[in-house]
Amino acid sequence: MTNTFAVDHPAEVIDIYLNVCADENRFVAQSIAAFDTIGLNGSVLDCAVGTGFGTIRLLELGYSLVCSDGSAEMLDRFRHNCIEAGLSNDAICARWEDLGRMFPEVFDMVMCRGNSLAYADTWDSDTALEFDPGRVITHVAGMAGALRPGGALLVDLPSARPDTSPSILEHQGFCPAGRPVTVIEEISTDHETRIRHWDVAMTVGHRNYRFARSSYLLDLNTLRDALDACGFTSVRSLPGSSVRDHYQTVVAIKQRSQPTRRIAAGR
Ligand SMILES: C[S@@+](CC[C@H](N)C(=O)[O-])C[C@H]1O[C@@H](n2cnc3c(N)ncnc32)[C@H](O)[C@@H]1O
């Protein structure tokens, strides 16, 4: 008999999910291509490091990365994964809106990958707030504040407008310990409220797990408006495949001359 475990927080099983559903080689290749595009000189901040998917590989390759995330649960897992990889990286628990105050104009690049911006403030509690483009601006403004003028933001988001009907994806693979894994994920989108719902059922060996998270229907136009409001120029999509087939990856450069507009902290 198999039991189903409702997972309290995705951090408990997200590494197994990512191992089967996302492409770490693409994450690494695209990140390095973005570093090369801007001629990286200084440090990079990964402000949505999660459990370290892809980023731990970049650390192993010797890139200088400061890692942060707003979720203590994800960072616990990140620290564990760093130890397993023989690395010591002291990640910081930080929310995006605070980054400019914590690291004023420090970094050459800020990365916000893994479709994280769409999960703004919903990841720990699965409570989606009303979709608000103003809140996207607040988050992007925090990231912009941590970038030196001329620095770049690297961010990915869904590439296509999803159907109203739920889309169901099935994946098969293995977990790092070698047990067979099946993942069935269902994504449904309410275009009126702009809330997406993601339901994941995963079988690892003989165990079944379920978790769900809500996110926002973030599109390129909304992101472009936020980047524009925060003083970014030359927003462009990176060529090549992103971490998931249905993601696109964007690089935006922070203007040299004009300081980031101060955005009211109201959320
Ligand atoms: C979809 S997960 C992606 C994590 C990781 N980049 C990956 O690819 O697995 C989104 C991440 O964004 C973080 N996050 C969401 N809202 C945040 C906020 N306001 N400030 C900082 N981190 C936030 C979550 O804690 C979570 O780790």
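Just above sits the structure.
What comes next is a walk through the structure. Worth saying up front: this structure is predicted, and the values here are computed from it rather than measured. (Residues numbered from 1 in each chain as written. Predicted model: local features only at pLDDT ≥ 70, side-chain atom pairs only at ≥ 80, totals over all residues. Heavy atoms only, no water.)

Moving on, we get to the sheet that holds strand 11 (residues 232-237). Ordered in space as 4-3-2-5-6-12-11, the seven strands form an open sheet in which the pairing is mixed. For this open sheet the edge positions go to strand 4 (92-93) and strand 11, each flanked by a neighbour on one side alone. Pairing geometry for strand 2 (residues 44-46) and strand 3 (residues 65-69), over three bridges, is parallel. Each bridged residue has a counterpart across the sheet, and for V44 the counterpart in strand 3 is L65. In the packing of helix 6 (residues 133-145) onto the sheet, the strands contacted are strand 5 (107-112), strand 6 (147-158), strand 11 and strand 12 (247-254), and the crossing angle to strand 6 comes to about 140°. (Pairing = 2+ DSSP bridges. Helix = DSSP H or I, 4+ residues; strand = E, 2+ residues; numbered from the N terminus. Contact = heavy atoms within 4.5 Å. Axes fitted to C-alpha atoms, helices over the stretch in contact; angles between N-to-C directions.)

Okay, the sheet that holds strand 10 (residues 207-216) next. Here we have five strands laid out as an open sheet, ordered 1-10-9-8-7, and mixed in their pairing. Two strands lie at the open edges of the sheet, namely strand 1 (4-6) and strand 7 (167-174), each paired on one side alone. Across the sheet, the mean angle separating the axes of adjacent strands is 20° when strand polarity is ignored. Direction of pairing for strand 7 relative to strand 8 (residues 180-190): antiparallel, over a ladder of eight bridges.

Take the environment of S167 next. Its location among the elements puts S167 in strand 7. On the accessibility criterion, S167 (33% relative accessible area) is partly exposed. Contact partners of S167, with chain neighbours within four places excluded, come to E185, E186 and I187. (Buried < 20%, exposed > 50% of the residue type's maximum accessible area, 1.4 Å probe, protein only.)

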